[in-house]
Structures are given as C-alpha cells and as structure tokens.
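# An overview of the molecular structure
The residues making up each chain are set out below.
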Amino acid sequence: MSTKDNVNCRNCEHFYTTWNKNFPYGCRSMEFVSKSLPCTEVYKLEGKICLAFAEKPIKTVIACDLLFGQKDDEEEINIIV
Ligand code: SF4
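Here goes a summary of the coordinates provided. Position numbers for residues start from 1 in each chain and track the written sequence from start to end. Under the rules for a predicted model, residues below a pLDDT of 70 receive no local features and side-chain atom pairs below 80 are neither given nor counted, while totals for whole chains, interfaces and linings still include all residues. For the side-chain quantities, the full set of heavy atoms in the structure was used; hydrogens and water were omitted.

## Re the overall build of the protein chain
A count of helical and extended segments in the protein chain gives two helices and five strands. Burial here depends on accessible area, computed with a 1.4 Å probe over protein chains only, as a share of the maximum for the residue type. Under 20% is buried, over 50% is exposed, and the range in between is partly exposed. Classification of the 81 residues of the protein chain by burial places 22% in the buried group. Every accessible area reported is derived by Shrake-Rupley at a probe size of 1.4 Å, with residue values counting cover from the shown protein chains alone. When the accessible surface of the protein chain is summed, it comes to about 6,400 Å², and 53% of that surface belongs to carbon and sulfur atoms. The helix and strand labels rest on DSSP assignments: H or I over at least four residues marks a helix, E over at least two residues marks a strand, and numbering proceeds from the N terminus.

Below, the structure written as structure tokens:
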C-alpha cells in the first residue's frame, strides 16, 4: 500500500544501486543516477513528488527454504526488498 505522500525510491521497482561511489543510486524510469535518492532529486528539481513511483511487489519466500534449503515445517514470511 502506498500513497503519494510516502513515495520512497527504496520501495519503487525502478530504483537500483550502482557501483559508482559518486552516484550510488539510479532510477530506471527516468534514466539517471544521483548522489542522493532519486525521489529527492526529483523533488528538488520539480518541486513535486515523483509521479513515476511504482511500488515493488512484496515477495513471499519460504523461511525454511531460505535458511536451510529444506521444506519441512514450512513457514511463510514476507520480505520487502
Ligand atoms: S520512479 Fe521515482 S520513486 Fe521510483 S526510483 Fe525513480 S525517482 Fe525514485
């Protein structure tokens, strides 16, 4: 769930990190890299929140598979990546 008021690149499917220490963050939607979070740069330039925000889907994993590679005692957890 998201609202326009809580746009954050870390929850956006267009967000990625780079290997460039001077510009560690990137936005695939607008095709730029930046020193701070791209949504911050958008707000500085446009004076508005980012309208291209697309919330990442929540991925469900099986905890036992993740930790032990087993399927015994399956327990589902939600991890937001
Ligand atoms: S689309 Fe907007 S919220 Fe998503 S990564 Fe780009 S700047 Fe950030």
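## Concerning the site of the ligand
Val7, Cys9, Cys12, His14, Phe15, Cys27, Met30, Pro38, Cys39, Cys50, Ala52 and Phe53 make up every residue found near the ligand. Under the scheme applied here, ten amino acids are nonpolar (Ala, Val, Leu, Ile, Met, Phe, Trp, Tyr, Cys and Pro), four are charged (Asp, Glu, Lys and Arg), and all others, including Gly, are polar. In terms of residue class, the shell around the ligand is built from 11 nonpolar, one polar and no charged. What makes a residue near a molecule or strand is one non-hydrogen atom of that residue sitting within 4 Å of it.

## Considerations on the side chain of Ser34
Residue placement: Ser34 occurs in strand E3 (residues 32–34). Two N or O atoms form a polar contact when they lie within 3.5 Å of each other; inside protein one atom must be a possible hydrogen donor and the other a possible acceptor, and for residues adjacent in sequence the pair counts only when both atoms belong to side chains. In terms of polar contacts, Ser34 uses its side chain to reach the backbone carbonyl oxygen of Ser36, at 2.5 Å. Contacts are assigned to residue pairs with any non-hydrogen atoms lying within 4.5 Å of each other. When neighbours within four sequence positions are excluded, Ser34 is seen to be in contact with Phe23, Pro24, Tyr25 and Glu41.

## Description of unusual backbone geometry
The phi angle of most residues is negative, glycine excepted, and most peptide bonds adopt the trans form. One non-glycine residue, Glu31, lies in positive phi territory at about 55°. Taking the relative accessible area as the measure of exposure, Glu31 reaches 68% and is therefore exposed.

## A few points about helix H1 (residues 38–46)
Of all the positions in H1, only Pro38, Cys39 and Val42 are classed as buried. All buried residues of H1 fall inside an arc of 100° around its axis, so they share one side. Following H1 by one or two positions, Gly47 adopts a phi angle in the positive range, close to 75°. Summarising the geometry, the arc corresponds to the directions from the helix axis toward the C-beta atoms.

On their own, these measurements won't tell you what the molecule is for.
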